[in-house]
Amino acid sequence: TYLPDETKADNRRLISKASKEELDEAIIAYYDKEEQAKQRKQITLFGIYEEWLAYKAVHVRASSYMRRIDNDWKRYYLKDEIVSKKVKDLDFLYLDTWCHNKIKDLGLTKKQYYNMSVIIRQILDYAVNKEIIEENPMDSIKINPKLFKPERKKDDRTQVYLIEEQPILEKAVLAEFKESKCTIPLAILFAFQTGV
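Residues numbered from 1 in each chain as written. Predicted model: local features only at pLDDT ≥ 70, side-chain atom pairs only at ≥ 80, totals over all residues. Heavy atoms only, no water.

**Some words on the nonpolar core**
Within the largest apolar cluster, 35 residues are counted, with the highest numbers of intra-cluster contacts made by Tyr77, Ile82, Leu95, Tyr113 and Ile119. At nine residues, the largest contribution of residues to this core is made by helix α5 (residues 110-129). Setting aside residues up to four positions removed in sequence, tyrosine 77 forms contacts with Leu45, Asp72, Ile82, Val83, Trp98, Met116, Ser117, Ile119 and Ile120. (Core = buried A, V, L, I, M, F, W, Y, C linked by side-chain atoms within 4.5 Å. Buried < 20%, exposed > 50% of the residue type's maximum accessible area, 1.4 Å probe, protein only. Helix = DSSP H or I, 4+ residues; strand = E, 2+ residues; numbered from the N terminus. Contact = heavy atoms within 4.5 Å.)

**Focus on helix α3 (residues 63-77)**
Counted at 1.5 Å a residue, the expected span for α3 with its 15 residues is 21 Å, and the 20 Å between its end C-alpha atoms agrees. Among all positions in α3, only Met66, Ile69, Asp72, Trp73, Tyr76 and Tyr77 are buried. For α3, the angular spread of buried residues about the axis comes to 120°, placing them on one side. For α3, the exposed residues lying more than 90 degrees away from the buried face are Arg67 and Arg75. (Expected span 1.5 Å × (residues − 1). Arc of directions from axis to C-beta.)

**Description of unusual backbone geometry**
Even without glycine at this site, asparagine 11 takes up a positive phi of about 60°. Inspection of the secondary structure assignment puts asparagine 11 in the loop between β1 (2-4) and β2 (12-14). Phi is positive for glutamate 131, close to 65°, though the residue is something other than glycine. Overall, the relative accessible area of 58% leaves glutamate 131 in the exposed class.

**Things to note about the packing of helix α2 (residues 45-58) against α3**
A pair of packed helices can be characterised by two numbers: the angle between their axes and the separation between those axes. Remark: α2 packs on α3, axes separated minimally by 11 Å, with the N-to-C direction vectors making an angle of 165°. As the angle between them shows, α2 and α3 are arranged roughly antiparallel. Taken as a pair, α2 and α3 cross one another with a handedness that is right-handed. Within the contact between the two elements, α2 uses Leu45, Phe46, Tyr49, Trp52, Leu53, Lys56 and Ala57 and α3 uses Tyr65, Met66, Ile69, Asp70, Trp73 and Tyr77. Counted by class, the contact of α2 with α3 contains 11 nonpolar, no polar and two charged residues. (Axes fitted to C-alpha atoms, helices over the stretch in contact; angles between N-to-C directions. Parallel < 35°, antiparallel > 145°, perpendicular 65-115°, else oblique. Left-handed = near helix turned anticlockwise from the far one by under 90°. Nonpolar A, V, L, I, M, F, W, Y, C, P; charged D, E, K, R; others polar.)

**Structural notes on the pattern of salt bridges**
The tally for this structure, following the rule as stated, stands at eight salt bridges. Arginine 13 is the salt-bridge partner of aspartate 5, the closest N and O atoms lying 3.5 Å from each other. Of the charged contacts, one joins aspartate 10 and arginine 12 as a salt bridge, the two residues approaching to 3.5 Å between their closest N and O atoms. (Salt bridge = Lys/Arg side-chain N within 4 Å of Asp/Glu carboxyl O.)

**Observations regarding the packing of α3 against α5**
Two elements in contact, α3 and α5, have axes whose closest approach is 10 Å; the angle formed by their N-to-C orientations is 95°. By the criterion of interaxial angle, the relationship of α3 to α5 is roughly perpendicular. Seen from α3, the contacting residues are Tyr65, Arg68, Ile69, Asp72, Trp73, Tyr76 and Tyr77; seen from α5, they are Gln112, Asn115, Met116, Ser117, Val118, Ile119, Ile120 and Ile123. Looking at the contact of α3 with α5, its residues break down into 10 nonpolar, three polar and two charged.

The following block contains the structure:
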């Protein structure tokens, strides 16, 4: 019998088997494979998220990282129209526009953008591995660093030691050095002396 084959000139491929049962199995296997391919092409971002999250959890030790990813999913994606889009329809132009709009609408810093975009980047990498799409369109997206909201400078009080804290810290460092004979704590004294 013949099965459809778009690579052939007449769009069909001849198959033959030794028995009718083997022929039936080959035909069923072909159409099962076609049906699975159709179903994969219908998968939405929402539909693949849980599967990807389980896959990601196998490769990560820290549960706090997984919680942060899930929180970012709820914050940036869950109420957005992108979750209902089919993965195969997420092309470069759509994603580029979506990312730039997210940065502007939410006033994202570079770090916030990275945390937000790691989800879609890795989901699309996962979709490539599952043969849902051929390539990850997020790999081509470049963001102008000037679009990011500047990081808020931390309060100076949290970044330096105050004059009254220095003697207390020096005393603790010397006690640690005398107890352990390890010279690493002396680097703190050196930093105070050199103004670092």
